[in-house]
Amino acid sequence: MKILPARQTRALDQATLQAQRISSDALMERAATACTTWLLDELQPAFTTPLHILCGPGNNGGDGLAIARQLHAAGYSPQIWLLPSDRYSSDFLLNRQRLPPQVPCTELSADSLPALPAGAVVLDALFGTGLSRPLQGLAARVVQHLSQSGAVVVAIDVPSGLFADAPQPADSAVVRARYTLSFELPKLAFLLPQNAAFVGEWTVLPIGLDANFIHNEPVDNYFVDAGFLRRKLPRREKFSHKGTFGHALLLAGSYGKMGAAVLAAQACLRGGVGLLTVRIPAAGYDILQISAPEAMALPDPAREFLTELPELQPYAAVGMGPGLGQEAATAAVLRQLLHRTPHLPLVLDADALNLLATHRDLLALLPPDSLLTPHPKEFERLTGEPARDDYHRLEQLRAFCGQHRCYCVLKGAYTALGTPEGAVYFNSTGNPGMASGGSGDVLTGLLLALRADRRLSPLDAALLGVFAHGRAGDLAAAQTGEAGLVASDLVRFIGPALQELVDG
Ligand SMILES: NC(=O)C1=CN([C@@H]2O[C@H](COP(=O)(O)OP(=O)(O)OC[C@H]3O[C@@H](n4cnc5c(N)ncnc54)[C@H](OP(=O)(O)O)[C@@H]3O)[C@@H](O)[C@H]2O)[C@H](O)CC1
Ligand SMILES: [K+]
């Protein structure tokens, strides 16, 4: 799915009205119907549940008024609270007129705020994508009142006070929603950790916005769900052989961290690689042969860490990083690798990234289309500059990928994949159970397998790998629970996660 900024969302609205020859209030009615249906199906409030709808002066408020009318028609007793303004949108005014007289409608003021017992449901329709500045005065007071209540807050389109695609100043008033119901496409703000407490659980409700416009509109950000990846992972043809899926080389492990090499190797094998050779320090030889018998082991002459780069000629892709350590001799191996692989697909993770950050001249040697998989701290070391906030980090990601012509997987909830062209793809799979040791090693191994697969572009390999890694985590957590999830569980579910993508 594409992620449109507020400006393009308005253009999409207009395009929809023209293409479908409908009036703006008809589109608002669709939006309201989608929300009302969600409320009745998902939230299922009792007829006695106090239902308050806070309406601002624009079309977000108009949505609120239309929802109130629909809830009233469904037998509920919503109460409306209006934020006074000297300018209301025309669809707000139209829906104000359409409101049956039985629906109570009160103007908000500092002395007149809804009483909100715990369990009351509040629809926040104060401001949506038209927010032009942080909330102040009465609007901010209302938001504060809402935060102090125990009410279940459902934000319409965007939690009020939150910019859909830009940071708001620290300490500005923003509604803290339990649920956010957004129209057609997600907003960038929903995908950033700094906004999690405002957005709550978000849902996208389709309202039939113009698909042609969405298809043709250039964007910088994408949300990757299973539909987005449909047909990107080709099935394995009957006459395919080991060579089709490539021979990968993994450089990993050091004394005490051989498990990282094992997890990455196992994940690479489960990721469908044709052949896998693993370069481990000599002390890892038995460990690897026993725990990943399908892989070939190529021990380094040194016992505890890597000191020599093997011949690269046989390989379709090389991965380096898991459990490496940061010895000077290992940094030299990385340097040789970068010098000798101007055209080989590379996946770099963990200590390979830390070595890049401490030997910064190496960054200039990255072959084009290299794939880096930092977590935020590693990414900060790579850029050398702490991010001011999540939006700034995204800009750093775009700049870094553009400068080094690489793909970069910034790990976290909604892992963000940056591309050399400046696009960012947010992943939709995964769960907090995956925030534990070894999870990143599994991702590296899986990505290595997909980069070795000659049928996949660098972008598709990265998108598929990140998605399947998260999906494996979701499948595993269904059995282990989130707390009980360990990285080797992920390995077991890589196969099923990839198979879903082929089948789907
Ligand atoms: N395609 C869709 O997604 C659809 C969306 N719909 C809904 O429409 C809103 C967007 O409506 P819009 O009228 O553009 O904007 P808002 O309702 O968010 O608010 C605009 C008015 O609020 C004023 N404003 C803005 N910021 C503040 C502030 N901090 N304090 C006070 N007042 C503020 C603004 O005034 P300006 O001075 O900025 O001009 C406007 O008066 C979208 O979110 C959906 O909910 C449609 O229903 C159909 C489909
Ligand atoms: K809102």
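Values in this document were obtained by computation on a predicted structure and should not be read as measured data. (Residues numbered from 1 in each chain as written. Chains lettered and ligands numbered in written order. Predicted model: local features only at pLDDT ≥ 70, side-chain atom pairs only at ≥ 80, totals over all residues.)

## Focus: unusual backbone geometry
Here is step 1 of the chain: The phi dihedral of Asp 171 is positive, around 70°, even though this residue is not glycine.
Here is step 2 of the chain: Checked against the element boundaries, Asp 171 lands in the loop between β6 (152-156) and β7 (179-183).
Here is step 3 of the chain: Residue classification places Asp 171 among the exposed positions, given that 7 C-beta atoms sit within 10 Å.
Here is step 4 of the chain: Positive phi outside glycine occurs at Glu 184, with the angle close to 70°.
Here is step 5 of the chain: Note on placement: Glu 184 falls in the loop between β7 and α6 (196-199). (Helix = DSSP H or I, 4+ residues; strand = E, 2+ residues; numbered from the N terminus. Buried ≥ 20, exposed ≤ 12 C-beta atoms within 10 Å, placed from the backbone.)

## A closer look at helix α5 (residues 137-148)
Here is step 1 of the chain: Here α5 spans 17 Å end to end across 12 residues, near enough to the 16 Å set by a 1.5 Å rise per residue.
Here is step 2 of the chain: For α5, the complete set of buried residues consists of Ala 139, Val 142, Val 143 and Leu 146. Taken around the axis of α5, the buried residues stretch over an arc of 100°, which confines them to a single face. Facing away from the buried side of α5 by over 90 degrees, the exposed positions are Gly 137 and Gln 148.
Here is step 3 of the chain: Looking at the packing, one finds that the buried side of α5 touches β2 (51-55), β5 (121-125) and β6. (Expected span 1.5 Å × (residues − 1). Arc of directions from axis to C-beta. Contact = placed C-beta atoms within 7 Å.)

## A short note on the sheet that holds β6
Here is step 1 of the chain: Here we have seven strands laid out as an open sheet, ordered β4-β3-β2-β5-β6-β7-β8, and parallel in their pairing. On the outer flanks of this sheet lie β4 (105-107) and β8 (201-205), each paired with one strand and no other. Each strand of the sheet is rotated relative to its neighbour by a mean of 20°, with strand direction disregarded.
Here is step 2 of the chain: Pairing between β7 and β8: five bridges, direction parallel. Among the inter-strand pairings, Tyr 179 is bridged to a residue of β8, identified as Glu 201.
Here is step 3 of the chain: In this fold helix α2 (residues 24-43) packs onto β5, β6, β7 and β8, with an angle of close to 130° to the strand it touches most, β8.
Here is step 4 of the chain: Sitting on the sheet, helix α3 (residues 59-73) touches β2, β3 (79-82), β5 and β6, and the angle it makes with β2 is about 155°. (Pairing = 2+ DSSP bridges. Axes fitted to C-alpha atoms, helices over the stretch in contact; angles between N-to-C directions.)

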